[in-house]
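One-letter residues, chain by chain:
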Amino acid sequence: MKEMGGLFLQLFYRDSIGLEISSYFLNVVKLRKVGKKVRILGKGSIQVPYDVSMNNEPEKIVDSLKELKREIRFDIEDLLVVNLSSDNVLFRRISLPKMSKGQTINAARFQINRELMIPVEEIVIDIFEIERKNNMIDYGVFIARNSYINSLIDMLKNAGFGEPDVIDVDYLKYLHLVDDKKLTGYNFLVTESLTGIVVMMVVNGKLTLVEASSISLDDVMNMLVDNYGVSNDEALSIIKNGAEIGAFGKQVNELLEFHYRDTVYEIEKLIRSMINSNEIPQNIKFKIYLLSVNERLTAEFVKYAREIGLIEGSTISNFPFKKNIPATGVPLGALGLAYRGVMEIGKGELVSEKIPKVKA
């Protein structure tokens, strides 16, 4: 009778797991969709030691993934979404005549081959339509090497997850949580992390361009190590948690100001390049949205961007998330990936409630 009850209940929901893999942290969030409501079932996070990576000690990454798998109570029926790291993905905008999707993908693959001189058999691509111009269509193209995707899948299999249902481009993970209604006109969505800055141009709700820079919070981490005598792993924890930065006093404000001054100048350069390449009129008003790794650093990011000035006449704000997206207490990247899984199941609205932490 109990088994029948479990089967009956399974017909009404399916859980989605977002697994975020980066050089410094592994994060996971589990969502359950029941009807149109989506609830957070659990979350987990593990800090990867500074000197550990997929290349030099992959077995330690696998062990951490196994721990998260137990903590989140992974089930083979769960829909698993993982991220493809930004430094392993290229973005190109190309123009092609109208044709079938299969023909379009093949044409895009050979155009990428001509531009980048990468053998077509070594890459996998995904495309999406941006804009139609007479008989031509502009596409956004994501490009990744098969070798990296295969190594990612092998690592997940070794950890007991099996093959993921969806492999999502890393910098798209936050877009799944954004309120599209706020993205009318010209928008620039900027994220910073320990690995770099990504600037996404979104026009009337459509992603049109992506640019990236290597300036990152890794610079802040190194300054904490050099100036305050903390270890690399301690500095990583401080940056992740955000609030701990205040413990270092007034000098940290100077450190953050130095970092964000360089960061804002770099973002200005990237945005102006995107404006010029798209021949956008100078009188257009832009909305610029910023996001860092936690609430504290996002507030600092926005404050300094406003003080220093970023594209005259633009408005600068925090990311325009949907309602009920938790600002703290849950890794937003993993949440975005899990929400991507929910969209595979069907639309649903996140319910605001106390976020539990699943125990094995």
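Read on for an overview of the structure. (Residues numbered from 1 in each chain as written. Predicted model: local features only at pLDDT ≥ 70, side-chain atom pairs only at ≥ 80, totals over all residues. Heavy atoms only, no water.)

## A word on the overall build of the chain
Thought 1: Scanning the chain from N- to C-terminus turns up 9 helices and 14 strands.
Thought 2: For the chain, with 360 residues in total, the buried portion stands at 48%.
Thought 3: Taking as baseline every contact in the chain between residues at least 6 positions apart, the subset at least 24 positions apart corresponds to 66%.
Thought 4: On the chain, roughly 17900 Å² of surface is accessible, and the fraction owed to carbon and sulfur atoms is 50%. (Helix = DSSP H or I, 4+ residues; strand = E, 2+ residues; numbered from the N terminus. Buried < 20%, exposed > 50% of the residue type's maximum accessible area, 1.4 Å probe, protein only. Contact = heavy atoms within 4.5 Å. Areas by Shrake-Rupley, 256 points an atom, 1.4 Å probe, with all protein chains shown as cover.)

## Section: the sheet that holds strand 12 (residues 286–291)
Thought 1: Strand order in this open sheet of 5 strands is 11-10-9-12-13, and the pairing throughout is mixed. Edge positions in the open sheet fall to strand 11 (206–213) and strand 13 (315–318), since each of these has one partner strand only. Taking each pair of neighbouring strands and ignoring which way they run, the sheet shows an average axis angle of 20 degrees.
Thought 2: As judged from the 7 bridges shared by strand 9 (residues 186–192) and strand 10 (residues 197–203), these two strands associate in the antiparallel manner. Bridge pairing in strand 10 links Thr191 to Val198.
Thought 3: Contacts between helix 8 (residues 295–308) and the sheet are confined to strand 9, strand 12 and strand 13, with strand 13 contributing the most and set at about 170 degrees to the helix. (Pairing = 2+ DSSP bridges. Axes fitted to C-alpha atoms, helices over the stretch in contact; angles between N-to-C directions.)

## Here we look at unusual backbone geometry
Thought 1: Of note in this structure, Met117 is not a glycine but carries a positive phi near 60 degrees.
Thought 2: With relative accessibility at 67%, the residue Met117 sits in the exposed group.
Thought 3: Positive phi is not limited to glycine here, since Asn324 has a value of about 75 degrees.
Thought 4: By secondary structure assignment, the location of Asn324 is in the loop between strand 13 and helix 9 (332–345).
Thought 5: For Asn324, a relative accessible area of 32% puts it in the partly exposed group.

## Description of helix 2 (residues 58–72)
In an α-helix, one turn spans 3.6 residues; hence positions three or four apart end up facing the same way.
Thought 1: Relative to the 21 Å expected for 15 residues at 1.5 Å per residue, helix 2 spans 21 Å between its end C-alpha atoms, a close match to the ideal helical length.
Thought 2: What helix 2 keeps buried is the set Ile61, Val62, Ser64, Leu65, Leu68, Glu71 and Ile72.
Thought 3: Of the residues flanking the end of helix 2, it is Arg73, one or two places downstream, whose phi is positive at about 55 degrees. (Expected span 1.5 Å × (residues − 1).)

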